[in-house]
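Listed below, chain by chain, are the residues.
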Amino acid sequence: MSAPFVLAVPSKGRLQENAEAFFGRAGLTLAKPRGAREYRGTITGLDNVEIAYLSASEIASQLARGGVHMGVTGEDLVRETIVNADKRVLLIDALGFGSANVVVAVPQAWIDVRTMADLDDVTTGFRAQHNRRMRVATKYINLTRTFFASHGIVDYRIVESAGATEGAPATGTAELIVDITTTGATLAANGLKVLDDGVILRSHANLVASRDADWSSDARETARVILDHIHARARASKYREVRTRFKGCDAAMLAEAHSRFGVVAPFGAPTSSGMLTLHCPPAQLYALGSFLRDRGADTVSVAALDFVLDRENPLFAKLEVFLRS
């Protein structure tokens, strides 16, 4: 039997809940057969998959080493942890949760410092006045260095943060910070503000693949199955199924509906009896229904879609291109 396909998932908190819910919606039920405290799990119905429950930062490290095939972690951790990340891992898909920004934040009392250019001037003046570099507290050392270099800022030094980074200026251990934030409320509560152009990265939870994992033919097939489920669910969530039948239903009308409402006809042109199935964006349902009724439809039915399986899966195609490159 071949080695298992390893999928890493956050081990606790909201990230774990959201990841399990995401896979569940895609028809991939994560289970812990040996109990809730176990750090290994399975996907119901996929015998060759092992779920590894790890911290989000450890997932990024395992992806870098090829210890897991795919994992759910934040882009901020990928960019911070993995050197040459774009060559070593692939961000397959943003999962719609775990959104947060890595930002540069300074004291609100610095009323004349609004941009990175202003910060450059302040750091230069600070060094001339105090004969030392301004301190930046952060856990994001690599992202900070790269971002500051892109703005030509050199008169600073990093103080690695081990605790609540946002408290560093108030306690006197740093003059400013680079940290992650969702709403900015915690920064404001600590008397800090984000610079106007100080967003280093808009991060989200991503499904990430490792180039250095053992991508056997079995592993690729397992990845295809998993990504088929995910894409089919994502495709279905963008549309509702609309069905109708009437004599005036023809290819010209279908082309107009596509142009006006963004609908697609997954099964092609209307049948000889005028039967038509459309996939329509939810926001356009009433407008499409009115359009069809105005042209002769007596009844237009609308139904939710759970999954739409297309012949081509862009997520798996993306992975294959990455592994071949």
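The structure displayed is predicted, hence computed values, not measured ones.

### Some words on the environment of Pro10
Part 1 of the reasoning: By secondary structure assignment, the location of Pro10 is in strand β1 (residues 5-10).
Part 2 of the reasoning: The spatial distance from the C-alpha of Pro10 to the C-alpha of Ala56 is 5.4 Å, given a sequence separation of 46 residues.

### A few points about the sheet that holds strand β9 (residues 156-160)
Part 1 of the reasoning: A sheet is described by the order of its strands in space; here five strands give the open sequence β9-β8-β10-β7-β11, paired in mixed fashion. Either end of the sheet is taken by a strand with one partner, and the two such strands are β9 and β11 (192-203). Strand after strand, the sheet turns through a mean of 25° between neighbouring axes, direction not considered.
Part 2 of the reasoning: In the packing of helix α6 (residues 141-150) onto the sheet, contacts are made with β7 (100-107), β8 (134-138), β9, β10 (176-181) and β11, and the angle to β9 comes to roughly 165°.

### Observations concerning the pairing of β8
Part 1 of the reasoning: Counting buried positions along β8 gives five out of five residues, so the element sits mostly inside the fold.
Part 2 of the reasoning: Side chains of β8 alternate between two faces, with Met134, Val136 and Thr138 and Arg135 and Ala137 buried alike.
Part 3 of the reasoning: Both β8 and β9 contribute to a ladder of five bridges, which runs parallel. Looking across to β9, one finds that Arg135 is bridged to Arg157.
Part 4 of the reasoning: As for the winding sense of the linkage, the β-α-β connection from β8 through α6 to β9 is right-handed.
Part 5 of the reasoning: Summarising the sheet, β8 and β10 pair through three bridges and their orientation is parallel. Across the sheet, the residue bridging to Ala137 is Ile177, located in β10.

### So, the packing of aromatic side chains
Part 1 of the reasoning: Scanning the model with the defined rule gives four aromatic pairs in all.
Part 2 of the reasoning: Measuring from ring centre to ring centre gives 5.4 Å for Phe22 and Phe23, while their planes differ by 80°; the resulting arrangement is edge-to-face.
Part 3 of the reasoning: Ring geometry for Phe148 versus Tyr156: centroids 4.7 Å apart, planes at 55°, classification tilted.
Part 4 of the reasoning: Since its relative accessible area comes to 13%, Tyr156 is described here as buried.
Part 5 of the reasoning: The cationic tip of Arg211 hangs over the ring face of Phe322; the distance from NZ or CZ to the ring centre is 4.0 Å.

Conventions we followed
Note on numbering: residues in each chain are counted from 1, in written sequence order. Residues qualify for local features only when their pLDDT is at least 70, as the model is predicted, and side-chain atom pairs are given and counted only at 80 or more; totals for whole chains, interfaces and linings, by contrast, use all residues. Excluding hydrogens and water, the side-chain values take into account all heavy atoms of the structure. Helical segments are the DSSP runs of H or I of at least four residues, strand segments are the runs of E of at least two, and each set is numbered from the N terminus. When DSSP finds two or more bridges between two strands, those strands count as paired. Lines fitted to C-alpha atoms define the axes, with helix axes restricted to the stretch in contact, and inter-axis angles between N-to-C directions lie between 0 and 180 degrees. Here, two residues are considered to be in contact whenever any of their heavy atoms come within 4.5 Å of each other. The buried label goes to any residue with under 20% of its type's maximum accessible area, the exposed label to any with over 50%, and the partly exposed label to all in between, with areas taken from a 1.4 Å probe on protein chains only. When the strands point away from the viewer and the connection leading from the first strand across the helix to the second strand turns clockwise, the crossover is called right-handed. Here a pair means two rings of Phe, Tyr or Trp (six-membered ring of Trp) with centres within 6.5 Å. Their orientation is stacked below 30 degrees between planes, edge-to-face above 60, and tilted elsewhere. Counted as over-ring charges are cases with an Arg CZ or a Lys NZ within 6 Å of the ring centre that also lie within 35 degrees of the ring normal.

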